[in-house]
Amino acid sequence: MFRVPLLVALSLVIAFGGGIVFTLLALDATSGFGAIKLGAWQAFPEMQTADADPYAKSHRARAGRLLYGTAEGLVFTASDDDGKARLTANCTYRISGQTPPARLWTLFIAGNDGRPIEDAAGRPSTINSWVVLRKPDSTFNITVSSSAQAGNWLALPTAGNFRLVWTLLDSPAASNSGLIDLGMPKLEKIGCGNV
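Residues numbered from 1 in each chain as written. Predicted model: local features only at pLDDT ≥ 70, side-chain atom pairs only at ≥ 80, totals over all residues. Heavy atoms only, no water.

By the naming in an unreviewed UniProt entry, the chain goes by DUF1214 domain-containing protein and is assigned to Rhizobium miluonense.

*Asks:* How would you summarise the overall build of the chain if you had to cite specific residues and measurements?
*Replies:* For the chain, the helix and strand inventory stands at 2 helices and 10 strands. The order of helices and strands in the chain, counted from the N terminus, is α-β-β-α-β-β-β-β-β-β-β-β. Here the chain holds 195 residues, and 33% of them are scored as buried. Counted over contacts in the chain with a minimum sequence separation of 6, partners at least 24 positions apart contribute 70%. (Helix = DSSP H or I, 4+ residues; strand = E, 2+ residues; numbered from the N terminus. Buried < 20%, exposed > 50% of the residue type's maximum accessible area, 1.4 Å probe, protein only. Contact = heavy atoms within 4.5 Å.)

*Asks:* Break down the pattern of salt bridges for me, citing the residues and quoting the values.
*Replies:* Counting across every chain of the model gives 1 salt bridge. Between E188 and R94 there is a salt bridge, with its nearest N and O atoms 3.4 Å apart. Taken as a pair, E188 in strand β10 (residues 186-192) and R94 in strand β4 (residues 91-97) lie far apart in primary sequence, 94 residues in all. Relative accessible area serves as the criterion here: at 32%, R94 is assigned to the partly exposed category. (Salt bridge = Lys/Arg side-chain N within 4 Å of Asp/Glu carboxyl O.)

*Asks:* Any details on the pairing of strand β3 (residues 73-78)? Residues and values, ideally.
*Replies:* In the sheet, strand β2 (residues 41-43) pairs with β3 via 2 bridges, with the strands oriented antiparallel. Its bridge partner lying in β3, A43 is registered against F76. In this sheet, strand β9 (residues 163-169) lies alongside β3 in antiparallel orientation, the contact comprising 6 bridges. Along β9, the bridge assignment pairs F76 with W166. (Pairing = 2+ DSSP bridges.)

*Asks:* Tell me what's going on with the sheet that holds β9, and back it up with residues and numbers.
*Replies:* The strand order across the open sheet built from 6 strands is β1-β2-β3-β9-β5-β6, with neighbouring strands paired in antiparallel fashion. Only two strands of the sheet have a single partner each, and these edge strands are β1 (36-38) and β6 (126-128). Ignoring strand direction, the axes of neighbouring strands in this sheet form an average angle of 20°. (Axes fitted to C-alpha atoms, helices over the stretch in contact; angles between N-to-C directions.)

*Asks:* Can you explain the side chain of T139? Please cite residues and give values.
*Replies:* Position of T139 among the secondary structure elements: in the loop between β6 and β7 (140-145). In this structure the side chain of T139 is engaged in a polar contact, spanning 2.7 Å, whose partner is the side chain of D137. Every residue in contact with T139, bar those within four places of it in the chain, is listed here: G97, Q98 and R134. (Polar contact = N/O pair within 3.5 Å; in protein donor to acceptor, adjacent residues only side chain to side chain.)

*Asks:* Give a description of the state of the cysteines that names residues and reports values.
*Replies:* This model, assessed by the stated rule, comprises 1 disulfide. Bridging C91 to C192, the disulfide has an S-S length of 1.8 Å. The sign of the S-S torsion, about 90°, decides the handedness of the disulfide formed by C91 and C192: right-handed. Of this pair, C91 sits in strand β4 while C192 sits in strand β10, and the two are 101 residues apart along the sequence. (Disulfide = S-S within 2.5 Å.)

*Asks:* Give a description of unusual backbone geometry that names residues and reports values.
*Replies:* The phi dihedral of K84 falls on the positive side, at around 70°, and the residue is not glycine. We note that S138 has phi near 80°; this positive angle belongs to a residue other than glycine. For S138, the position within the fold is in the loop between β6 and β7.

*Asks:* Tell me about the nonpolar core, and name the residues and values.
*Replies:* L107, I142, L164 and W166 are the most contacted members of the largest nonpolar core, which has 28 residues in total. With residues near it in sequence (within four places) discarded, L164 still touches W41, F76, T77, A78, L87, I95, L107, F108, I109 and L187. (Core = buried A, V, L, I, M, F, W, Y, C linked by side-chain atoms within 4.5 Å.)

*Asks:* Residues and numbers for a nonpolar patch on the surface, please.
*Replies:* Nonpolar side chains collect at one region of the surface, where V4, V8, L12 and F16 lie side by side and expose about 410 Å² of accessible area between them. By the secondary structure assignment, V4 is in helix α1 (residues 3-29). Of the residues examined, V4 reaches a relative accessible area of 58% and is grouped as exposed. (Patch = residues over 30% accessible without salt bridge, like charges linked within 9 Å, V, L, I, M, F, W, Y side chains within 5 Å. Areas by Shrake-Rupley, 256 points an atom, 1.4 Å probe, with all protein chains shown as cover.)

What follows is the structure, encoded as structure tokens:
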């Protein structure tokens, strides 16, 4: 007597549960379509627009973060270096070059979830265009490592993988016309371990 309702309930649980699990796996596997990739840096200029694909809209809803408007800013992330190796805390990296024109930019170290890593005991995990030390030709070098470095330095967490998040605010790069001649700084691995 309870066999048919039990089978129907079990089928519904499998169907809805499986659908939710596969949707979450699909969201973790991709960040959406329409990405621009400049070296190690990746951005999704249409993520916050009405033209965004369904995956981008789902990421936006799931993260619950306020995104910048098309003319306000553009967020680039890097999970790998220029050699396509995953960014890891036991290595040292150098970010060098120039950013696209922007009124202000910020760079911070984030976990795999994209949220900023808490800085411990005054160790810098973020830098911006107002405080970065530049060379006479307006280029800069930023060292990203777990041990303190002279000049521009971002402190890495003690272990694990991380990503870098670079935000350009009030930049022509945020509009479609600014994406044509865009160039981002190089992100190269200097060494790993005690090197």
